[in-house]
Amino acid sequence: MAQVTLLVGGPGAGKTEEMVSRLVAGYQDAAFWKPLLLAPTVRHGDQLRRRLVAKCGVAMGLNVDSLSQFSQTLVSDRKNPPRVADSAVAEELLVRVTRRAVERGAASYFKPILASRGLHRLTKAAVFNLVSEGIDAGDFRAAARRGGMPALQALAAIYSAYLDALNRRGWIHPAAQPFEAARAVTEGARLPPIVLVDGFQLFRGGELALLQAIGEAAPLLISMDPQAGDRADYDFRRLRRIFPQAKLVELEDKKAVPSPIVFGGESGDQEAQLRDVARLIKQKLLEAPELRPSDFAIAFRQFAPHLSLARQIFAEYQLPLDPSSGEPMQSQPLGAWLRRLLRLGMNGWRLADVNAVLSSGFINLNRWNLTGEDVRAFARQARHENRWRGRSTLLSVAAALENMRAQAGMTRALEDLRSLLEDPAGSLEDWARRWDDSLFGDDPIVDPRHLNRPDVEGGVKLVREMFDELVRVQQALGGAEASFDAFATWLEARMESPSLLVREIGGVFLAPMRALGGLRFHSVFVAGLIEGEFPAPRSSTALLNEKALDALTAAGLQLPPEPGLSEDELWDSAHTRADNALYLWKTRLDSRGRTASGSYYFDLLNPKPVNPPQPSPETASSLRELAIACAAQWRRGDRLRPHGFDAWPVVRASVRVEQRRRSYFNAGRYEGLLDSGLVPKLTGPAAVWSASRMESYRTCAFQFFARYGLGIDELEEELTAADAAIRGSVIHEALEQALTPLGEKGLALDSDTLHDALQTLRLEGPKIWNEAPAKWGFGAPATWSFDWPDALERLELLLAKEAHFSREFGVARIRGVETPMEAELPLNPPMKITAYIDRLDEGPDGLVVVDYKTGREISKKRVLDADRLQLQLYALLAVGDSDAKRVVTRYAWLDPRIKDWRLDSSDEEDNAVIRNVLPVADAVRQSVAGGDFRVNPQTQPCPTYCASRHVCRVNEFSRWKRWQ
C-alpha cells in the first residue's frame, strides 16, 4: 500500500493549510510535477489553488477535479468501458419501472401516489443512495422483508426490477461509476504522483472503493472533520477500516486562524436585508482594493426563496453573484411564459392567458404581422364583449376587429397556437422536435432578437437542452403515441427542478448554510436569523429515513445515516467560515410581513451592533440609492440630482401634494375641489341624470367625478365567481323572461296567471342561468349551476307574493317590463331624468312601479331621510310619463324574510317625501356645477367594489379617515 495520510480536525484547524504546505513542498522539489486535487465543487478547488499560488507563486501542473468527474475519466479510458446510462435516460427508465412495479402489484404500496411527481423524487433519491453504496438487490429485498416495513418492501421490488432493466440493456447507473473507476485503477490506470482529497463532508460507498484503489497505487492525502455530524463520523470510521495502516494527523484548534470579529445587523424585511448586505459588501470592496467579490459569502438556512430577489438587488449594486446551485426554469421570465403557453388549451383558452402569451416580450409578433397595439385592441374588444374564454369565442373577437390587418394576424396567431397545442404529433420525441422547431426554428414564435441576450440566452439554451434530452430518452427507451398533456407534464416537471445555474465566476457566494463546509472567506454574512427560519424543525420524507435505516440495520443490512445536519451542526458549518468578519443578520418582519423575533443564534456570539448608514449622494452604492439620496435633499431646495434626471421640480411639488393628501385636512384641488363649470356635460341643458348618478354623488363625490366626469372605469377582468351585481342582473333577466308574455297579452300577474309565469320561468330560467358565466364573464360555471334550484325556489316565492299584491291592489295589466322612462323635473332649468323600470303595473286608479332587489334590505327610513332617491324619482317619472293621479312605488325583495313597504302618492306624508326629492336633486346638480368633488365618503367603511379605491387615500392610511 502506498502512503495514506488522514488529516483530522475541526473548522479552521488548518487541514487545507496543511495540504497547501504539502503541495508547496512538492513544487519546490519538482516545479513541473502534476498532483491531483479532488474537491466536492469547483469553488473548493479554486480556493485551494488560490492559496497555493499565494504561497509558491505558480502551480502550473495542479489538476483539480471532482470525484464524479475523475471517475468518469477513469471509466471512459478503460479498454472495454461499460455503457453508463445517460442521467436523463436513467431517470426515465426508473419512472417506467416504478409504474410497472406498482401496476403489477409488486409495489402496490405506492399506488395512491403513483400519479404524483413526489413519488419519483423519493424513489430517485433512494435508488441513487442504494446504487452508490453498491447494495445488492437480493440483500436489500431480504432485509426489507425481515424489517417488515411496507414502504421498504415496495422500494425493494422497484430497486430489483430497475437493476434488472439496466442489466438487460447492458447499462450501469451513473452513481455506479466510482466502482468501475476503482476497477480501472486496479487494472493499472495511470495515476498522478499524489492525490489530495479536501473539503468533503461525506463519502459514498463507490467513492470509498475508488479511494481505496488509489491508496493502493499512489500517495493519498485525505482531510476530514469527524465532528461535522453523524454522517461525517460514520464515513471517517469507514475510512479507518479501509486504511488501518494510514498515518493519522490530528490538527488541534491552536492552528486555527484568529477568531473573526462578529457583528449583528437588523433590517426591516427580506429586501432591505439584502440591500444592507450588498451595500456593506460594496463599501468593503471600495475600502480594501485587495479584496474580491469572491471573498464574501452570504448564507441562509434555505437560500432558494431569496435567490431571485438577490439577483435583482446585486445587479442593481453592480456586484457579481455566484449562487451555489441553480433555480427552477419556471421561476425565470422565459420559463413562466413557456408554462403559460403550455397551459393555454388545458385552461380553456382564457383571455388572460392568451393576452399574457401574446403581450410578452418573448413573442415574435412579426410572424403574424402584428403589433403590440393590435394585441391590446383585441384584449379591449374581448373585455368589452365579456368574451373571457374559449378558442372559438376568441376567434370571433379577432374576426370582429376593425383593422383588417390585425383581424387577419390575430386569427392566424390563434390558429398557430391551436395547431401547436392540439394537432396530433405522435410520440414525445415528435412533440419535442416540433416545439423546438416552432419556438426557435426558421420562423420562430420566440423573438430571434432575444435568443442571444445575456439574460435570456441561458434559459433558451436550457429549454432546447430539455427538448434534446427528451429526444435522447425516447430514442434510448422508445415510446408509444403520447398526448400533448403527457408532453406538457414532462416539460413542466423538468422546469420545476433547479436546473438553471447562472453563475458569475468570481462573484459573491450565495448558498445555503450546508454548502459552506470546507470553504473559507474574508467575511461571511449569515442572514435570515429569525424564529421560524433558523432554527427550523427538521423533518425527512425520504424513503431511507432514520426509521427505515434502523429497521434495515436490525434486519442485518447497514446503510450510512442520512447526510443531513442538525441545526447546531448547520450553525457550526456556517459561522466558522469567516477569517476576518462574521455578520449575523435578522429582519424585523418575516416573509408574510408579520413581526418576527430574532433567532437565539443571533445573540449566541454577542455580536457588536452594526447599523448601515443611510447613503448620501457621495456614498451611494447604486443608481437607486443615488436617486433616493438626492431626492431626500430636495425638500431643502437642493438641486443635486442624478445626471439626466430633470424632474426634481415636479417631485418637489408632488411631495407637498402627497403630504396634504395623507393628512386629515382638506386637500383642495388635489382631492376633487375644482373650479366651477369644468364639467358642463354633467350639468348643461343636454345632461341626463338618473337615480344611480345622484346616489353615487351623494355616496362619494370623488368617485362620482372619476366615473362620470373623467370616464375612468376599472379594467374589466374575468371574475372567479359571480358577484352580487351579476347575480342580480341574471335574476332580473329571468324575471323579465317570465313576465314579458303576460305583458304582451295585456294580462296582470295575479293568481289566475301565476301558473303560466312559473311555467315560463321553469322552462327559460335554467337556460338563462347556465349561460350567465359565458355572458357575464366569470368562472366556476359548474358551481354556479348548482345554485339554480335555490334561486328558482326564491323566484317562485317572489312571483307568488307579487301575484298576491296585484290581486290586493287591483292591478289590471302589466304595462311594461324593463320599461325605459324619461321626464323633466320641474326645476330651473328643468332637469332630465331617465330610468329603466323593472316592472310597471297599471290599475284602475293609478300605476305601480316595482323595482326588484336581490340584495340586502333597504329600510323605509333611509328613503324618508333622502339617503336613497330611487323610489321618489321613479314616482315622478311615472307621473310625468302618464299623468297618473296615483303612483305606488315599491321594492320587490328576492329574500322572503324582508318585510314589504311602499310609497303611495295618495298618502300625504309619502307624497311629501316624493316631492322633497326635487330640492335634493337641485342641490346635487349645483354642487356638481360648482366643482365640489371632495373625498367625503358617506359609507363606513368604503365599499370594496369602489372603482376609485386605487386613487383615493381614504382607507390607505386610516380606517375611517374623513376630510372636514
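Residues numbered from 1 in each chain as written. Predicted model: local features only at pLDDT ≥ 70, side-chain atom pairs only at ≥ 80, totals over all residues. Heavy atoms only, no water.

Enquirer: Give me the overall build of the protein chain: which residues, what numbers.
Expert: When helices and strands are counted, the protein chain shows 37 helices and 21 strands. In terms of overall dimensions, the protein chain is more spread out than a globule: its C-alpha atoms have a radius of gyration of 38 Å, far above the 30 Å expected for 964 residues. Referenced to the eigenvectors of the C-alpha coordinate spread, the extents of the protein chain come out at roughly 120 × 75 × 55 Å. For the protein chain, the residues scored as buried account for 49% of the 964 residues in total. Across the protein chain, contacts joining residues at least 24 apart in sequence account for 75% of those joining residues at least 6 apart. (Helix = DSSP H or I, 4+ residues; strand = E, 2+ residues; numbered from the N terminus. Rg over C-alpha atoms; globule rule 2.2 N^0.38 Å. Buried < 20%, exposed > 50% of the residue type's maximum accessible area, 1.4 Å probe, protein only. Contact = heavy atoms within 4.5 Å.)

Enquirer: Explain the sheet that holds strand β9 (residues 261-267) residue by residue, including any values.
Expert: Here seven strands make up an open sheet; going across it, the order is β11-β12-β10-β13-β14-β9-β15 and the pairing parallel. Every other strand in the sheet has two partners, leaving β11 (321-323) and β15 (608-609) as the edge strands with one partner each. One ladder, built from three bridges, connects β11 with strand β12 (residues 508-512); its direction is parallel. Among the inter-strand pairings, leucine 321 is bridged to a residue of β12, identified as valine 508. (Pairing = 2+ DSSP bridges.)

Enquirer: Hey, could you go over the sheet that holds strand β6 (residues 195-197) for me, with residue numbers and the actual values?
Expert: Spatially, the six strands line up as an open sheet ordered β3-β2-β6-β7-β1-β8, and their pairing is parallel. The open sheet has two edge strands with one neighbour each: β3 (63-65) and β8 (247-250). Taking each pair of neighbouring strands and ignoring which way they run, the sheet shows an average axis angle of 15°. Pairing analysis gives four bridges linking strand β1 (residues 4-8) to β8, with the strands arranged parallel. Counted as the bridge partner of leucine 6 is leucine 248 from β8. Along the sheet, helix α1 (residues 15-29) contacts β1, β6 and β7 (220-224); its crossing angle with β7, the most-contacted strand, is approximately 160°. (Axes fitted to C-alpha atoms, helices over the stretch in contact; angles between N-to-C directions.)

Enquirer: Outline the packing of helix α14 (residues 351-359) against helix α15 (residues 372-384), listing residues and values.
Expert: Packing of α14 against α15 leaves a shortest axis separation of 10 Å and a crossing angle of 170°. What the angle tells us is that α14 and α15 run roughly antiparallel. Packed against α14, whose contacting residues are Leu351, Val354, Asn355, Leu358 and Ser359, the element α15 presents Val375, Phe378, Ala379, Ala382 and Arg383 at the interface. Grouping the constituent residues of the contact of α14 with α15 by class yields seven nonpolar, two polar and one charged. (Parallel < 35°, antiparallel > 145°, perpendicular 65-115°, else oblique. Nonpolar A, V, L, I, M, F, W, Y, C, P; charged D, E, K, R; others polar.)

Enquirer: Quick rundown of the nonpolar core? Include the residues and the values.
Expert: Core analysis: the biggest nonpolar cluster contains 58 residues, and Trp337, Leu341, Phe378, Trp435, Leu439 and Phe487 have the highest contact counts within it. Sorting the residues of this core by element identifies α13 (333-342), α14, α15, α16 (391-399), α17 (404-422), α18 (428-440), α19 (454-477) and α20 (484-496) as the ones contributing at least two each. Per element, the largest residue contribution to this core is eight residues, and it comes from α19. Those residues in contact with phenylalanine 378 that lie beyond four places of it in its chain are Leu351, Val354, Leu394, Val397, Ala398, Leu401, Met410 and Leu414. Grouped together as the second largest cluster of nonpolar side chains are 49 residues, Tyr708, Leu825, Ala866 and Val920 included. (Core = buried A, V, L, I, M, F, W, Y, C linked by side-chain atoms within 4.5 Å.)

Enquirer: So what about α15? Which residues, and what values?
Expert: Counted at 1.5 Å a residue, the expected span for α15 with its 13 residues is 18 Å, and the 18 Å between its end C-alpha atoms agrees. Of all the positions in α15, only Asp374, Val375, Phe378, Ala379, Ala382 and Arg383 are classed as buried. Buried-residue contacts for α15 involve α14, α16 and α17. Trailing α15 by a residue or two, asparagine 386 shows a phi angle of about 55°, which is positive. (Expected span 1.5 Å × (residues − 1).)

Enquirer: Give me the lowdown on the side chain of serine 71, citing residues and values where you can.
Expert: With respect to the helices and strands, serine 71 occurs in helix α3 (residues 67-76). Beyond its immediate chain neighbours, meaning those up to four positions away, serine 71 contacts Gln177, Pro178, Ala181 and Leu210.

Enquirer: Now, about a positive patch on the surface: what can you tell me, with residues and values included?
Expert: On the surface, a cluster of positive charge is contributed by Arg99, Arg100, Arg104 and Arg168. Examined against the element boundaries, arginine 168 turns out to sit in helix α7 (residues 150-169). (Patch = residues over 30% accessible without salt bridge, like charges linked within 9 Å, V, L, I, M, F, W, Y side chains within 5 Å. Areas by Shrake-Rupley, 256 points an atom, 1.4 Å probe, with all protein chains shown as cover. Salt bridge = Lys/Arg side-chain N within 4 Å of Asp/Glu carboxyl O. Lys, Arg positive; Asp, Glu negative; His and termini not counted. Charge placed at Lys NZ, Arg CZ, Asp CG, Glu CD.)

Enquirer: Break down the packing of aromatic side chains for me, citing the residues and quoting the values.
Expert: Scanning the entire structure with this criterion turns up 31 aromatic pairs. For the pair phenylalanine 467 and phenylalanine 487, a centre-to-centre distance of 6.3 Å together with 20° between the ring planes defines the contact as stacked. Linking phenylalanine 467 in helix α19 with phenylalanine 487 in helix α20, this pair joins segments that are 20 residues apart in sequence. Overall, phenylalanine 467 belongs to the buried group, its relative accessible area being 1%. For phenylalanine 487, a relative accessible area of 0% puts it in the buried group. Ring geometry for phenylalanine 704 against phenylalanine 933: centres 6.4 Å apart, planes inclined by 15°, an arrangement best described as stacked. Of this pair, phenylalanine 704 sits in helix α28 (residues 701-709) while phenylalanine 933 sits in the loop between α36 (917-929) and α37 (954-957), and the two are 229 residues apart along the sequence. Phenylalanine 933 shares its class with phenylalanine 704; the two are buried. What links up through ring pairs into an aromatic cluster is the set Trp689, Tyr697, Phe704, Phe705, Tyr708 and Phe933. Over the face of the ring belonging to tryptophan 171 we find arginine 169, whose NZ or CZ atom lies 5.8 Å from the ring centre. For the cation-ring pair, arginine 890 lies above phenylalanine 805, with the distance from its terminal atom to the ring centre recorded as 4.1 Å. (Phe/Tyr/Trp six-rings, centres within 6.5 Å; stacked < 30°, edge-to-face > 60°. Lys NZ or Arg CZ within 6 Å of the ring centre and 35° of its normal.)

Enquirer: Run through empty space enclosed by the protein, naming residues and quoting values.
Expert: Across all of its chains, the model carries three cavities of 30 Å³ or more by this definition. Reported here for the second largest cavity is a volume of approximately 40 Å³. In this structure, the second largest cavity is lined by Thr16, His44, Gln47, Leu48, Arg51, Asp198 and Gly518. Element by element, the count of residues in the lining of the second largest cavity is highest for helix α2 (residues 42-56), at four residues. (1 Å grid on protein atoms, 1.4 Å probe; cavity = no way out; pocket = protein on both sides within 12 Å on 5 of 7 lines; lining within 4 Å. Points joined across faces, edges and corners; volume = space filled by probe spheres on them.)

Enquirer: Residues and numbers for helix α24 (residues 623-634), please.
Expert: Across its twelve residues, α24 extends 17 Å between first and last C-alpha, which sits within 8% of the 16 Å expected from 1.5 Å per residue. Every buried residue of α24 is accounted for by Glu625, Ala629, Cys630, Gln633 and Trp634.

Enquirer: Go over the pairing of β7, please, and point to the residues and values.
Expert: Taking burial as the measure, the five residues of β7 include five buried ones, the bulk of the element. By the alternation rule, side chains of β7 split into Leu220, Ile222 and Met224 and Leu221 and Ser223, which are all buried. For β1 and β7, the ladder comprises five bridges, and the chain directions are parallel. Within β7, the position partnered with leucine 7 by the bridge is serine 223. Bridging between β6 and β7 involves three bridges; their strand directions are parallel. By the bridge assignment, leucine 196 is partnered in β7 with leucine 221.

Enquirer: Run through the environment of proline 244, naming residues and quoting values.
Expert: Here proline 244 shows up in the loop between α10 (230-242) and β8. In the structure, proline 244 is positioned 240 residues away from valine 4 in sequence and 9.7 Å away in space, judged by C-alpha atoms.

Enquirer: Run through unusual backbone geometry, naming residues and quoting values.
Expert: The omega torsion across phenylalanine 534 and proline 535 is 0°, close enough to zero to call that bond cis. Turning to its location among the elements, proline 535 is positioned in the loop between β13 (521-526) and α21 (546-554). A cis amide bond links asparagine 828 with the next residue in sequence, proline 829, at an omega value of -5°. Position of proline 829 relative to the elements: it lies in the loop between β17 (813-825) and β18 (831-843). Positive phi, close to 50°, is recorded for glutamate 818, a residue that is not glycine.

Enquirer: I'd love a proper account of the side chain of histidine 732, names of residues and values included.
Expert: Note on placement: histidine 732 falls in helix α29 (residues 724-744). Accessibility expressed as a relative area gives 19% for histidine 732, which makes it buried. Dropping the residues within four chain positions of it, histidine 732 is found in contact with Glu818, Asp838 and Tyr852.

Enquirer: Can you tell me about the packing of helix α9 (residues 205-217) against α10, naming the residues and giving the values?
Expert: Where α9 contacts α10, the two axes come as close as 11 Å, and the packing angle between them is 35°. In this structure, the crossing between α9 and α10 has a hand that is right-handed. Between α9 and α10, the residues in contact are Gly205, Leu208, Leu211 and Gln212 and Arg238, Leu239 and Ile242, respectively. The residue makeup of the contact of α9 with α10, split by class, is four nonpolar, two polar and one charged. (Left-handed = near helix turned anticlockwise from the far one by under 90°.)

Enquirer: Tell me about the environment of alanine 315, and name the residues and values.
Expert: Mapped onto the secondary structure, alanine 315 falls in helix α12 (residues 304-316). Judged by its relative accessible area of 54%, alanine 315 falls in the exposed class. Spatially, the C-alpha atoms of alanine 315 and alanine 554 are 54 Å apart, while their sequence positions differ by 239 residues.

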